[in-house]
Amino acid sequence: SILLLVNSQGGDVHIAHGLCQIIYGLRGKHPVVGLATGQVASAALYVFGACEHRLAFRDTIFTWHATQMQGSFPGDARLLELQETIWRRYLGNYRGEWVENILQSRTSGPNYHFSAEEAKALGLVQDYTETLDDAIALAVSLRKEDKNE
């Protein structure tokens, strides 16, 4: 198993998409445990959301905002359609209403900030961890389960 610490203000959505493809490719072979710490925002939500197991420290802050596809063709309707398809694919691992809330938040303001507690209620975070050692222990236990199967 792999423990991926995610503490990022985000970045390029295309790079995040590539990382998600790699993480999804590991599913069933090497479980990826995502540990959210500090701030997980923007494109980092893609990466965190792709993890099979998602933990967070209780004081983590999550932020989503309408994505700007930089380096592409601004305003291109087809590009926006592709972006929404990608979001639905990766965020579709959570409860459906959360995906819709995130996608609809684009019309209610530029940013949507939420706590780890809210992220758990929405299905983004599966559990809290109090220490890095606890997260490592989970990753190790998953690795042992993999070897036994």
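This text gives an overview of the structure that appears in the document. (Residues numbered from 1 in each chain as written. Predicted model: local features only at pLDDT ≥ 70, side-chain atom pairs only at ≥ 80, totals over all residues. Heavy atoms only, no water.)

1. A few points about the pairing of strand S4 (residues 61–65)
Direction of pairing for strand S2 (residues 32–41) relative to S4: parallel, over a ladder of three bridges. Bridge pairing links Gln-39 to Ile-61 in S4. (Pairing = 2+ DSSP bridges. Helix = DSSP H or I, 4+ residues; strand = E, 2+ residues; numbered from the N terminus.)

2. Quick look at the packing of helix H1 (residues 13–26) against helix H2 (residues 43–50)
Two packed helices can be described by the angle between their axes and the distance between those axes. It is the contact of H1 with H2, at a shortest axis distance of 8 Å, that shows an interaxial angle of 5°. With respect to each other, H1 and H2 are oriented roughly parallel. Contact residues: Val-13, Ala-16, Leu-19, Cys-20, Ile-23 and Tyr-24 in H1; Ala-43, Tyr-46, Val-47, Gly-49 and Ala-50 in H2. Of the residues in the contact of H1 with H2, the class split is ten nonpolar, one polar and no charged. (Axes fitted to C-alpha atoms, helices over the stretch in contact; angles between N-to-C directions. Parallel < 35°, antiparallel > 145°, perpendicular 65-115°, else oblique. Contact = heavy atoms within 4.5 Å. Nonpolar A, V, L, I, M, F, W, Y, C, P; charged D, E, K, R; others polar.)

3. Let's talk about the pattern of salt bridges
Applying the stated criterion across every chain yields a total of two salt bridges. Residues Glu-130 and Arg-58 are paired through a salt bridge, measuring 3.0 Å at the closest nitrogen-oxygen approach. Here the residue Glu-130 occupies a position in the loop between strand S6 (127–128) and helix H6 (132–148), and Arg-58 occupies one in the loop between strand S3 (53–56) and S4, the gap between them amounting to 72 residues. Residue Glu-130 shares its accessibility class with Arg-58, and that shared class is exposed. One salt bridge in this structure joins Asp-127 and Lys-120, with 3.7 Å as the shortest N-O distance. Using a relative accessible area of 32% as the deciding quantity, one classes Lys-120 as partly exposed. (Salt bridge = Lys/Arg side-chain N within 4 Å of Asp/Glu carboxyl O. Buried < 20%, exposed > 50% of the residue type's maximum accessible area, 1.4 Å probe, protein only.)

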